[in-house]
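Notes for the structure review
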Amino acid sequence: MRNRRNRPRAAVATATAVLLGATALTACDASGGDSPAPKGPSAHDKPSPKPTPTWDTNPNSLAAVGDSITRGFDACSVLADCPEASWATGTDSEVRSLATRLLGKERATTHSWNYAKTGARMADLPGQVEQAALKRPELITVMAGANDACRPSADSMTPVAEFRADFEEAMRTLRRELPKTQVYVTSVPDLKRLWSQGRTNALGKQIWKLGICASMLADPDDLNASATQRRATVQGRVVAYNDVLKDVCAKDLRCRYDGGAVFDYRFDGDQLSHWDWFHPSKNGQSRLAELAYRQVKAKNPKDPGA
């Protein structure tokens, strides 16, 4: 029994001796003998390397994909593209496109490209992205979805599931070709807002009869229950499309959704084309460029999923 009581004491004594020996050894290594103590901060004091920012606010090249808005449709003349007035890549000084604001006027003419097409829907986006990838741009802008809602009738709008699948395919195509290219995605404009603004203009309503966005703009002065429900259905589909854009974009570290900035922008008569009172005028294109520039240059984007 006596030996058992002494064992803990012996163990403590042994551990104390080892600890003192280790302390002496450490002190010797640090400053003993003829060796000087090491200078500078220890490894523990070195700052951790800063992570490389996911989003570069100064891309050196830009390609645009999308539909008639990005082509500047009806911004310069009736029922015609005007790419020089495009919010994304245009050269018109009145617009001051995103490319001009980011790259400067001279570089924008050689390092920005427009692959959007009037009438394009989301299903056309993978092909446009594939073309744009050949230029290896550092930033791609996406504005698509209005034509998926703007159909001959509300019943013929692109189903939300198809819209999602098409956008996901476009993003896969991009990442397969350009894994580090940044993507700026705008929300689909508020088509009901455009209807409410344009319906006050007699000339615009005559142009609408040619078939521009019939699902929303047909019979613009008809306010009965059926017409009102039709417009509400189209509006609901646009909101659903924007939810898809936000969701898919949020899954990509180099994608920024505009947080609904384009949808929320309250276009008025000055920002609408005086040829059709639906597409953006040069003034409207300039507003789109300004919205995009703010989002691309922001260190902390408006939308947390961006």
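Here's what I pulled together on the structure shown here. (Residues numbered from 1 in each chain as written. Predicted model: local features only at pLDDT ≥ 70, side-chain atom pairs only at ≥ 80, totals over all residues. Heavy atoms only, no water.)

Topic: empty space enclosed by the protein
- Evaluated as defined, the whole model comprises 2 cavities of 30 Å³ or more.
- The computed volume of the largest cavity comes to approximately 60 Å³.
- In this structure, the largest cavity is lined by Ile-69, Pro-189, Leu-194, Phe-267, Leu-272, Phe-278, His-279 and Pro-280.
- Residues of the lining of the largest cavity, tallied by class, amount to 7 nonpolar, 1 polar and no charged.
- What lines the second largest cavity is simply Leu-125, Val-129, Ile-140, Val-142, Ala-170, Met-171, Leu-174 and Val-183.
- Where the lining of the second largest cavity is concerned, the elements lending two or more residues are α4 (125–133), β3 (139–143) and α6 (160–177).
- Of the residues in the lining of the second largest cavity, the class split is 8 nonpolar, no polar and no charged. (1 Å grid on protein atoms, 1.4 Å probe; cavity = no way out; pocket = protein on both sides within 12 Å on 5 of 7 lines; lining within 4 Å. Points joined across faces, edges and corners; volume = space filled by probe spheres on them. Nonpolar A, V, L, I, M, F, W, Y, C, P; charged D, E, K, R; others polar. Helix = DSSP H or I, 4+ residues; strand = E, 2+ residues; numbered from the N terminus.)

Quick look at the pairing of strand β1 (residues 62–66)
- Of all 5 residues making up β1, 5 are buried, and the element is well covered by its neighbours.
- Burial along β1 is two-sided: the face carrying Leu-62, Ala-64 and Gly-66 and the face carrying Ala-63 and Val-65 are both buried.
- In the sheet, β1 pairs with β3 via 5 bridges, with the strands oriented parallel. Each bridged residue has a counterpart across the sheet, and for Leu-62 the counterpart in β3 is Leu-139. (Buried < 20%, exposed > 50% of the residue type's maximum accessible area, 1.4 Å probe, protein only. Pairing = 2+ DSSP bridges.)

Let's talk about helix α12 (residues 282–297)
- Here α12 is 16 residues long and its end C-alpha atoms lie 22 Å apart, about the 22 Å a rise of 1.5 Å per residue gives.
- For α12, the set of buried residues is Gly-284, Gln-285, Ser-286, Leu-288, Ala-289, Leu-291, Ala-292, Gln-295 and Val-296.
- On its buried side, α12 packs onto α2 (98–103), β3, β4 (182–185), β5 (255–257) and α11 (261–264). (Expected span 1.5 Å × (residues − 1). Contact = heavy atoms within 4.5 Å.)

Thoughts on the sheet that holds β4
- Taken together, the 5 strands give an open sheet; going across it, the order is β2-β1-β3-β4-β5, and neighbouring strands pair in parallel fashion. Lying at the two open borders of the sheet, with one neighbouring strand each, are β2 (112–114) and β5. Across the sheet, the mean angle separating the axes of adjacent strands is 15° when strand polarity is ignored.
- This element, α4, spans β1 and β3 of the sheet and lies at about 165° to β1.
- Together, β3, β4 and β5 form the strand contacts of α12, whose direction differs from that of β4 by roughly 135°. (Axes fitted to C-alpha atoms, helices over the stretch in contact; angles between N-to-C directions.)

Overview of the layout of surface pockets
- A volume near 290 Å³ is recorded for the largest pocket.
- Taken together, 17 residues make up the lining of the largest pocket; nearest its centre are Asn-147, Cys-150, Ile-212, Cys-213 and His-279.

Considerations on the pattern of salt bridges
- Per the counting criterion, the structure on display carries 10 salt bridges.
- With a shortest N-O distance of 3.8 Å, Glu-177 and Arg-176 are connected by a salt bridge.
- Given the relative accessible area of 35%, Glu-177 is considered partly exposed.
- Residue Arg-176 is classed as exposed on the basis of its relative accessible area of 57%.
- Residue Arg-287 pairs with Glu-290 through a salt bridge whose shortest N-O separation is 3.3 Å. (Salt bridge = Lys/Arg side-chain N within 4 Å of Asp/Glu carboxyl O.)

What about the state of the cysteines?
- For the structure on display, the rule yields 3 disulfides.
- In this model, Cys-76 is linked to Cys-82 through a disulfide, with the two sulfur atoms separated by 1.9 Å. Disulfide Cys-76-Cys-82: torsion about the S-S bond near -60°, hence left-handed.
- On the basis of relative accessibility, which here comes to 31%, the residue Cys-76 falls in the partly exposed class.
- Judged by its relative accessible area of 1%, Cys-82 falls in the buried class.
- Here Cys-249 connects covalently by a disulfide to Cys-255, the sulfurs 2.0 Å from one another. Because the sign of the S-S torsion sets the handedness, a value of about -115° for the bond joining Cys-249 and Cys-255 places this disulfide among the left-handed ones.
- Among the cysteines of the protein chain that take part in disulfides, numbered as they appear in the sequence, the pairing is 1-2, 3-4, 5-6. (Disulfide = S-S within 2.5 Å.)

Quick look at the pairing of β4
- In β4, alternate side chains face the same way, and those of Gln-182 and Tyr-184 on one face and Val-183 and Val-185 on the other are all buried.
- As paired elements, β3 and β4 share 4 bridges and run parallel to each other. Paired with Thr-141 across the two strands is Tyr-184, which belongs to β4.
- Direction of pairing for β4 relative to β5: parallel, over a ladder of 3 bridges. Bridging from a neighbouring strand, Tyr-184 pairs with Arg-256 of β5.

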